[in-house]
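Structural overview
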Amino acid sequence: MVDLGQDDSASPILHVDMDAFFASVELADHPGLRGRPLIVGGQERGVVLAATYEARAFGIRSGMPMAMARVRCPSAVVLPPRQDVYRRVSARVMAILGDITPVMQQLSVDEAFLDVSGARRRLGAPREIGAMIRTRIRDELGLAASVGIAPTMFVSKIASTRAKPDGMLVVPADSAVAFLHQLDVSALWGVGESTRAKLAETGIHTIADLAHTPPATLRARLGVASAARLHDLAWGRDPRRVTPTRTERSISAEHTFAVDTSDQAELARAMLGQAHTVARRLREAGLLTRGVAIKVRMSDFTTLTRSRRLDAPSDLAREIYRAAVALLAGVTIQRGGVRLIGVRADDLAPAASTAVQSLLGEDDTQQRALESVLDDVVRRFPGSATIAASLLTSPEERPDVRARERAGEV
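All of the points below concern the structure found in this document.

Criteria and thresholds
Residues numbered from 1 in each chain as written. Predicted model: local features only at pLDDT ≥ 70, side-chain atom pairs only at ≥ 80, totals over all residues. Heavy atoms only, no water. Pairing = 2+ DSSP bridges. Helix = DSSP H or I, 4+ residues; strand = E, 2+ residues; numbered from the N terminus. Axes fitted to C-alpha atoms, helices over the stretch in contact; angles between N-to-C directions. Contact = heavy atoms within 4.5 Å. Phe/Tyr/Trp six-rings, centres within 6.5 Å; stacked < 30°, edge-to-face > 60°. Buried < 20%, exposed > 50% of the residue type's maximum accessible area, 1.4 Å probe, protein only. Lys NZ or Arg CZ within 6 Å of the ring centre and 35° of its normal. Expected span 1.5 Å × (residues − 1). Arc of directions from axis to C-beta.

**Concerning unusual backbone geometry**
With omega at -5 degrees, the peptide bond leading from Lys164 into Pro165 counts as cis. Of note, the phi angle at Asp166 is positive, near 55 degrees, even though the residue is not glycine. Positioned with a positive phi, Phe301 is a non-glycine residue whose angle comes to about 75 degrees.

This is how it looks when you write it as structure tokens:
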């Protein structure tokens, strides 16, 4: 590790990243579990969403099948995810960051960039601001955050990763290139396993190797655009600025079945709950969706996606559900059945500035009022699964009812 020094005067960009966010929120609510390996995710057939550092010591990582995680650490405590709780805690984290500076760009539920250039006179040097942020998050929420401080967004994000867990790393401007050049080339944005293998064939293993490779060689291996971008990053050049606005690209919900199923009624019920969840999150975020997509993962892990545009932007579960089940009708279910199903709202737009006209013959006022009641129930009773299928479609439109009709049950 190079000596990074203490001069942070030209390093106004902070990357704040919560440590093992979902798991840390659970530990804050269940302090008796501290020190034990803890996993947040589906029970038997789901995947790991988050793991404490005690669990990570066993090789458990996000995205790993839960069955594999249980084999690696049979003693781990597994808790189901509570997405509504995580979003509320995230909002409090972002409110703390917003108190520091309005020049904040939220990347996800647990990380954000800040440009503190305008906050120095009021709050001090970037190093002092980073320490303040970590203290406030710990004191007010009982959570740990790691902070990277650097002259650019790219370097600050790498710095926060190197600072984990529960640390802070300052990269002065005059040390940024030396800091980067000691790292493996995979630390560069856009270098996955495939690109890394291509670079290794050329003898490029570190960022320093890439930085000193002739641009023509990089272009031959990676193409013009990728070669230029990676070469700039390798020399610490990142012209992007922290943008204090962020629009969600999509909002989704998924469900992994305990047993693979081909039952259309069960698939429809899962989509019904997901449509409500997605619609509630849209309303909470003040967004409308102009497109709906579904994801269907078969028993052999073959995954299909289908999408369609809505006739009019909406934040109603009824409309999302209608589109989702129509898409599902076009999917051929394999003999082994469905392992996972999901609903996603795409092409989002701010509700306040998007003109919406109800479809001919339909009045959304009553429907929105009914769904808002359900929103209130979920907010008052976190974790509840209150869903009124009758609020979404008439009985003759519901796939579960149609399936029962075909079977002669109704």
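**With respect to the sheet that holds strand β6 (residues 111-115)**
Reading across from one edge, β5-β6-β1-β7-β8 is the order of the five strands in this open sheet, with mixed pairing throughout. The open sheet terminates on both sides in strands that have one partner only, identified here as β5 (104-108) and β8 (168-170). Across this sheet, the average inter-strand angle for adjacent strands is 15 degrees, counted without regard to direction. Strand direction decides the pairing type here: β5 and β6, joined by four bridges, are antiparallel. By the bridge assignment for β6, Ser108 is matched with Glu111.

**Describing the sheet that holds strand β2 (residues 38-41)**
Overall, mixed pairing links the three strands, which are arranged β3-β2-β4 in an open sheet. The sheet is open, and its two borders are formed by β3 (48-51) and β4 (77-79), each paired with just one other strand. Strand after strand, the sheet turns through a mean of 30 degrees between neighbouring axes, direction not considered. As judged from the three bridges shared by β2 and β4, these two strands associate in the parallel manner. What sits directly across from Leu38, in β4, is Val77. Its contacts with the sheet put helix α1 (residues 21-29) on β2, β3 and β4, and the angle it makes with β2 is roughly 115 degrees.

**Details of the packing of aromatic side chains**
Applying the stated criterion across every chain yields a total of three aromatic pairs. Taken together, a centroid distance of 6.0 Å and an interplanar angle of 50 degrees make the contact between Phe21 and Phe22 tilted. This pair shows no difference in class: Phe21 is buried, exactly as Phe22 is. A ring pair is formed by Phe22 and Tyr86, whose centres lie 4.3 Å apart and whose planes are at 10 degrees; its orientation type is stacked. Residue Phe22 is found in helix α1, and its partner Tyr86 is found in helix α4 (residues 83-100); the two are separated by 64 residues along the sequence. Pair check on accessibility: Phe22 and Tyr86 agree, each one buried. Joined through ring pairs, the aromatic side chains of Phe21, Phe22 and Tyr86 make up one cluster. Residue placement shows Arg56 over the ring face of Tyr53; its charged tip is 4.5 Å from the ring centre.

**Quick notes on helix α6 (residues 126-141)**
Between the first and last C-alpha of α6 there are 22 Å, a value that for 16 residues agrees with the 22 Å anticipated at 1.5 Å per step. Listed in full, the buried residues belonging to α6 are Pro126, Ile129, Gly130, Ile133, Ile137 and Leu141. Down the axis of α6, the buried set is contained in an arc of 105 degrees. They therefore lie on one face. Downstream of α6 by one or two residues, Gly142 has phi in the positive range, about 70 degrees.

Just distances and angles here, no functional claims.
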